[in-house]
Amino acid sequence: MLDIDLSPRGNSSATHGAPPPTPLAVLHEPLYEKASETMLAALGFTTIALFLLLTMTRRVSVLVALVLLPVLAALAGGFGAELGPVVLEGLSTVAPTGIMIAFAVLYFSLMVDAGLFDPLIRAILRIAGNDPRWVAVGTAVLTMCVALDGDGASTFLITVSALLPVYKRLGMRPLVLTGVVCLGAGVMNMVPWGGPTMRAITALKLDSSEIFTPVLPAMGLGIAWVLVASFLIGGRERRRLGALGVPVPREEAERDAPAQVSGDGPGTMRAPESRRTWLTAFNLALTAVLLISLVLELMPLPVLFVLGFAIALLVNHPPGNSSRPCWTGTPRASSWSPP
């Protein structure tokens, strides 16, 4: 059973022509690879846990944690010698995704500042009237339009600022507003410049269109479900208000209708006379062309957003305009003077 050479000269048939003994490390190479993968996974999860702990307790800023913690993890894992090339390779991998996110946020922030969604807000309030069911559906429509920028904070800011007074006036629960906004924002978060899709693109090292285009059918079904769910939620809220007997007189609704002016908040409507109709039409057409180009993959997504933002900035804030936003590099005109 044991092929052991017991002959004096070691030339028995059991060992004649046999290869030299294999080193122990080579024999257990799969085991070492598995241990290495386990160590990398442990380092990764530890880095994430430390990042959440330090940022949530406000010990360090998010930027400092994102820069220093991965470097410390690489040093702890013994990758100090390869740190420079690895960082450069990582930057070259995520650079297109970072450019796409930056200019997508800039573009849609500019559209919000230009009042692109103001006509939509007015139309939703006019169509919904005092019916809680259609107010909930309108909330879903507005949320999914505003959530195109991929920024959850601005989505909640704009939607809640515009519709919370309506919910209070009708006696609807604010929980309905937040629930419908979460439904709509969750579906629209699948856009390539949103957080989850962006992280998947970076991790899989794929082009954004390779992930986003196959997801479009599921995203369409998700949008349809959000509309159905908001219709059902609004219907239940209408039945609840009917059982409580809290009708809203039309005169009171018209008197309390929102009539905000410029500067009342990120989701409030601007004064109609201060808006140029042709500019709103141009912004709407530009956004439609941009979204169609994204779906048809006419150009890489970062290039499309860079071009779209440059065109939108040139038209909405031409050179010499004193109302240019401060993030363009040209500060707004101010009447303040130092003492």
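Refer to the structure above for everything that follows.
In short, a report on the structure. The model shown is predicted, which means the values in this text are computed figures rather than measured ones. Per chain, residue numbering runs from 1 following the sequence as it is written. At least 70 in pLDDT is required for a residue's local features to be given in this predicted model, at least 80 for side-chain atom pairs to be given and counted, and no such filter applies to totals for whole chains, interfaces and linings, which use all residues. With hydrogens and water excluded, all non-hydrogen atoms of the structure serve as input to the side-chain values.

### A word on the overall build of the protein
The helix and strand tally for the protein stands at 13 helices and 0 strands. Each helix and strand of the protein, ordered N terminal to C terminal, gives the series α-α-α-α-α-α-α-α-α-α-α-α-α. For each residue, the accessible area found with a 1.4 Å probe, counting protein chains only, is set against the maximum for its type, and the residue is called buried under 20%, exposed over 50%, and partly exposed in between. Burial status across the protein gives 32% buried among its 339 residues. A contact between two residues is defined here by any heavy atoms of the two lying within 4.5 Å. Partitioning the intrachain contacts of the protein with sequence separation of at least 6 by distance along the chain shows that 68% fall at a separation of at least 24. Just so you have it, the protein exposes about 20,400 Å², and 69% of that area is on carbon and sulfur atoms. A helix here means a DSSP run of H or I that spans at least four residues, while a strand means a run of E at least two residues long, and both kinds are numbered starting from the N terminus. Each accessible area value is a Shrake-Rupley result obtained with a 1.4 Å probe; residue values ignore everything except the protein chains displayed when judging cover.

### Looking at the side chain of arginine 133
With respect to the helices and strands, arginine 133 occurs in helix α6 (residues 132–146). Buried within the structure, arginine 133 lacks any salt-bridge partner; its nearest side chain of opposite charge belongs to aspartate 131, at an N-O separation of 5.6 Å. Beyond its immediate stretch of four places on either side in the chain, arginine 133 contacts Ser230, Phe231, Gly234, Gly235, Arg238 and Arg239. Just so you know, the count uses Lys and Arg for positive and Asp and Glu for negative, and it drops His and the chain ends. We define a salt bridge as a side-chain nitrogen of Lys or Arg found within 4 Å of a carboxyl oxygen belonging to Asp or Glu.

### Section: the packing of helix α5 (residues 118–128) against α6
Angles shown run from 0 to 180 degrees and are taken between the N-to-C directions of axes, each axis being a line fitted to C-alpha atoms and, for helices, limited to the stretch in contact. For the pair α5 and α6, interaxial distance at closest approach is 9 Å and the crossing angle is 165°. When the axes of α5 and α6 are compared, the pair comes out roughly antiparallel. With respect to the hand of their crossing, α5 and α6 are arranged in right-handed fashion. Residues Leu120, Ile121, Ile124 and Ala128 of α5 pack against Trp134, Val135, Gly138, Leu142 and Cys145 of α6. Put simply, Ala, Val, Leu, Ile, Met, Phe, Trp, Tyr, Cys and Pro go in the nonpolar bin, Asp, Glu, Lys and Arg in the charged bin, and everything else, Gly too, in the polar bin. Considering only residue class, the contact of α5 with α6 consists of 8 nonpolar, 1 polar and no charged. Note on angle classes: values under 35 degrees are labelled roughly parallel, values over 145 roughly antiparallel, values of 65 to 115 roughly perpendicular, and the remainder oblique. Handedness of a crossing is defined here by the sense of rotation of the near helix relative to the far one, left-handed for an anticlockwise turn of less than a right angle and right-handed for a clockwise turn.

### Thoughts on the pattern of salt bridges
Oppositely charged side chains can form a pair if their charged atoms are brought close together. Summed over the entire model, instances satisfying the criterion amount to 3 salt bridges. Of the charged contacts, one joins glutamate 237 and arginine 173 as a salt bridge, the two residues approaching to 3.0 Å between their closest N and O atoms. One end of the pair, glutamate 237, is in helix α10 (residues 208–244); the other, arginine 173, is in the loop between α7 (152–170) and α8 (174–188), and 64 residues separate them in sequence. The salt bridge partner of glutamate 237 is arginine 240, with a shortest N-O separation of 2.7 Å. On the criterion of helical spacing, the pair formed by glutamate 237 and arginine 240 is a turn pair, its members being 3 residues apart in helix α10. Exposure remark for glutamate 237: the relative accessible area of 1% places this residue in the buried category. On the basis of relative accessibility, which here comes to 26%, the residue arginine 240 falls in the partly exposed class. Shared partners join several salt bridges into a network, and the residues in it are Arg173, Glu237 and Arg240.

### A word on the packing of aromatic side chains
Centres within 6.5 Å are what make two rings of Phe, Tyr or Trp a pair, Trp counting through its six-membered ring; a difference in plane orientation under 30 degrees is then read as stacked, over 60 as edge-to-face, and the rest as tilted. Under the defined criterion, the tally for this structure stands at 4 aromatic pairs. Counting every residue linked through ring pairs, the aromatic cluster contains Tyr107, Phe108 and Phe305. When the ring centre of phenylalanine 231 is taken as origin, the NZ or CZ atom of arginine 133, which lies over that ring, is 4.4 Å away. Remark: a charge is flagged as sitting over a ring if the NZ atom of Lys or the CZ atom of Arg is within 6 Å of the ring centre and within 35 degrees of the ring normal.

### Digging into the environment of leucine 66
Along the chain, leucine 66 turns up in helix α3 (residues 62–76). Taking the relative accessible area as the measure of exposure, leucine 66 reaches 52% and is therefore exposed. With 19 residues separating them along the chain, leucine 66 and threonine 47 place their C-alpha atoms 9.6 Å apart.

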